[in-house]
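Here is what each chain is made of, one letter per residue.
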Amino acid sequence: MKTIIEPFRIKVVEPIRMTTRQEREQALREAGFNVFLLKAEDVLIDLLTDSGTGAMSSEQWAGMMRGDESYAGARSFFRFQQRLRDITGFEHILPTHQGRASERILFEIVGGPGKVVPNNNHFDTTRANVEHSGAEAVDLVIDEGKDPKSRHPFKGNLDPKKLDALFKDVGAHRIPVVMVTVTNNSGGGQPVSLQNLRDVRALCDRYDTPMFLDACRFAENAFFIKKREPGQGDRSVSAIVRDMFDLAHGATISAKKDGIVNIGGVLLFRDEELNRQARNLLILTEGFPTYGGLAGRDLEAMAQGFEEVLHEDYLTYRIRSVEYLGEKLLERGIQIVEPPGGHAIYIDAASFCPHIPPGQFPGQALVCALFRHAGIRTVEIGSVMFGRGDRPADMELVRLAIPRRVYTQSHIDYVLEAIVEVYAERDRIRGVRIVDEPPALRHFTARFEEL
Ligand SMILES: *Cc1c(COP(=O)(O)O)cnc(C)c1O
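Before going into details, it helps to say that this report is about the structure given with it. Here the structure is a predicted model, which is why all the values come from computation and not from measurement.

Each helix and strand counted, the chain has 17 helices and 14 strands in total. Considering only C-alpha atoms, the chain reaches an extent of 60 × 55 × 45 Å along its principal axes. Buried positions account for 60% of the 451 residues belonging to the chain. In the chain, 71% of the contacts between residues at least 6 apart in sequence involve partners at least 24 apart. When the accessible area of the chain is evaluated, it comes to approximately 18,600 Å², of which 50% is carbon and sulfur surface.

Shown next as structure tokens:
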């Protein structure tokens, strides 16, 4: 049989609201053409992010009731800690309220002025936290990773030659840690191979520098390794996940992705001293180390979510559903970042709207067009998010992130039809300009005007 079905049935439903074009037009204007500023109620299909938007399972909800809300030493913490130890092999496990809290603590310890932090591609919050510490964030993804048409199976790979050159150029003493993001969110949700992790680790060893994973989508990355990397096809996803973590000295995780929870994060270390420093900062801003800014029930949900995400039926359905959307768009002549990523499809807005120059933000313009036409909320990953002054981003992308276990096949088909309709009238999409922007992470709150 060729239909891959959702490997669950639906127990609770949440209605979504149809709107008229006129209502959407007004909502868009009130939001300053920034979909982050829309009311979620006005959105029909919300593909803004896969972060914290997943549907929890009946076992996770049952865990919520079992949550031990003791301030210190809660049973739920030990269950969470044990699950993370089992999956990753790490000794030191700190809960945080989400990924950026882990990043903030890590870079407060290892960052600072004069430091340089390489990554395949820094995610926006990672870059912001590196820069906030005074350090410089450098992206070293392989060249194929910047070519939307390249079908390289591991386009998230960090280029070891570029990393070696950086070590030689700035000196290892200025590089406190090498990050590798799995899967590479800003680069199209593309996976990193085990071989690449081994190569990067070997270089790190040569320069006596620790390697850290930004492991938000570790399970999706491992599934791609199983499907694409020679010699990995017969291994379990769990075994591959363990190999990935075995190569790292530490990791930051947003559990809102592959933890399949609405809130939560993790910070992992092998080094006792780093863990001690991080734990002290955690107490300062997040909470006592056995809850780290979360409720006991959140720790229970995470412990269960990190287990369910490794189920191969789930991963098969998950990756296929994203791939289906991507392949159908390609069939209609719409360029996406190929091959389809793990959690999202990234439309190449530059080729979708060739009449809009980067300075007029073709990605943001397309985001507005999709909302206006069909009530679909997506996000720009281009020059609004990563441009600096007059310098545009490497790519002008629009990301359609697919929440975990939330939408069915017919929702995906609706999205597909809507994009095809917008594509047919793409000449009418207008560029935008920024009328108000904050100093950092401007995409969240900037306001725009249509040109
Ligand atoms: C989501 C994400 C983060 C930040 O996590 P939050 O939970 O949103 O703070 C960091 N890195 C990557 C790759 C992510 O996808």
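So, next bit.
Bringing the packing of aromatic side chains into the picture now. Overall, the coordinates contain 14 aromatic pairs when judged by the stated rule. Arranged with centres 5.3 Å apart and planes meeting at 70 degrees, the rings of F77 and F78 form a pair that is edge-to-face. Here F77 falls in the buried class, since its relative accessible area comes to 5%. Every member of this aromatic cluster is reached through a ring pair, and the members are F90, F218, F245 and F306. One Lys or Arg, R270, reaches over the ring of F90 and ends 3.9 Å from the middle of that ring. Positioned over the ring face of Y423 is R426, at 4.0 Å from the centre of the ring.

With that settled, consider the sheet that holds strand β7 (residues 250-254). Whenever strands of a sheet pair, they do so through backbone hydrogen bonds, lying parallel or antiparallel. As summarised here, the arrangement of the five strands in space is β2-β8-β7-β6-β5, forming an open sheet in which the pairing is mixed. The sheet is open, and its two edges are formed by β2 (92-96) and β5 (178-181), each paired on a single side. Each strand of the sheet is rotated relative to its neighbour by a mean of 15 degrees, with strand direction disregarded. By the bridge criterion, five bridges tie β7 to strand β8 (residues 265-269) in an arrangement that is antiparallel. Directly across from I253, in β8, lies its bridge partner V266. Sitting on the sheet, helix α3 (residues 75-88) is in contact with β2, β7 and β8, with an inclination near 125 degrees to β2.

Further remarks concern the packing of helix α8 (residues 218-228) against helix α9 (residues 237-246). At a minimum axis separation of 9 Å, α8 and α9 run at an interaxial angle of 110 degrees. In terms of orientation, α8 and α9 fall into the roughly perpendicular class. In this structure, α8 meets α9 at a crossing whose hand is right-handed. Packed against α8, whose contacting residues are F218, A219, N221, A222, F223, I225 and K226, the element α9 presents V237, I240, V241, M244 and F245 at the interface.

How two helices sit against one another is set out by the angle between their axes and by the gap between those axes. Contact geometry of helix α14 (residues 362-374) with helix α16 (residues 409-424) gives a least axis separation of 10 Å together with a crossing angle of 115 degrees. One finds that α14 runs roughly perpendicular with respect to α16. Crossing of α14 against α16: the hand is right-handed. For the pair α14 and α16, the contacting residues are L366, A369, L370, H373 and A374 in the first and Y414, A418, I419, E421 and V422 in the second.

Definitions and limits used
- Residues numbered from 1 in each chain as written.
- Predicted model: local features only at pLDDT ≥ 70, side-chain atom pairs only at ≥ 80, totals over all residues.
- Heavy atoms only, no water.
- Helix = DSSP H or I, 4+ residues; strand = E, 2+ residues; numbered from the N terminus.
- Buried < 20%, exposed > 50% of the residue type's maximum accessible area, 1.4 Å probe, protein only.
- Contact = heavy atoms within 4.5 Å.
- Areas by Shrake-Rupley, 256 points an atom, 1.4 Å probe, with all protein chains shown as cover.
- Phe/Tyr/Trp six-rings, centres within 6.5 Å; stacked < 30°, edge-to-face > 60°.
- Lys NZ or Arg CZ within 6 Å of the ring centre and 35° of its normal.
- Pairing = 2+ DSSP bridges.
- Axes fitted to C-alpha atoms, helices over the stretch in contact; angles between N-to-C directions.
- Parallel < 35°, antiparallel > 145°, perpendicular 65-115°, else oblique.
- Left-handed = near helix turned anticlockwise from the far one by under 90°.

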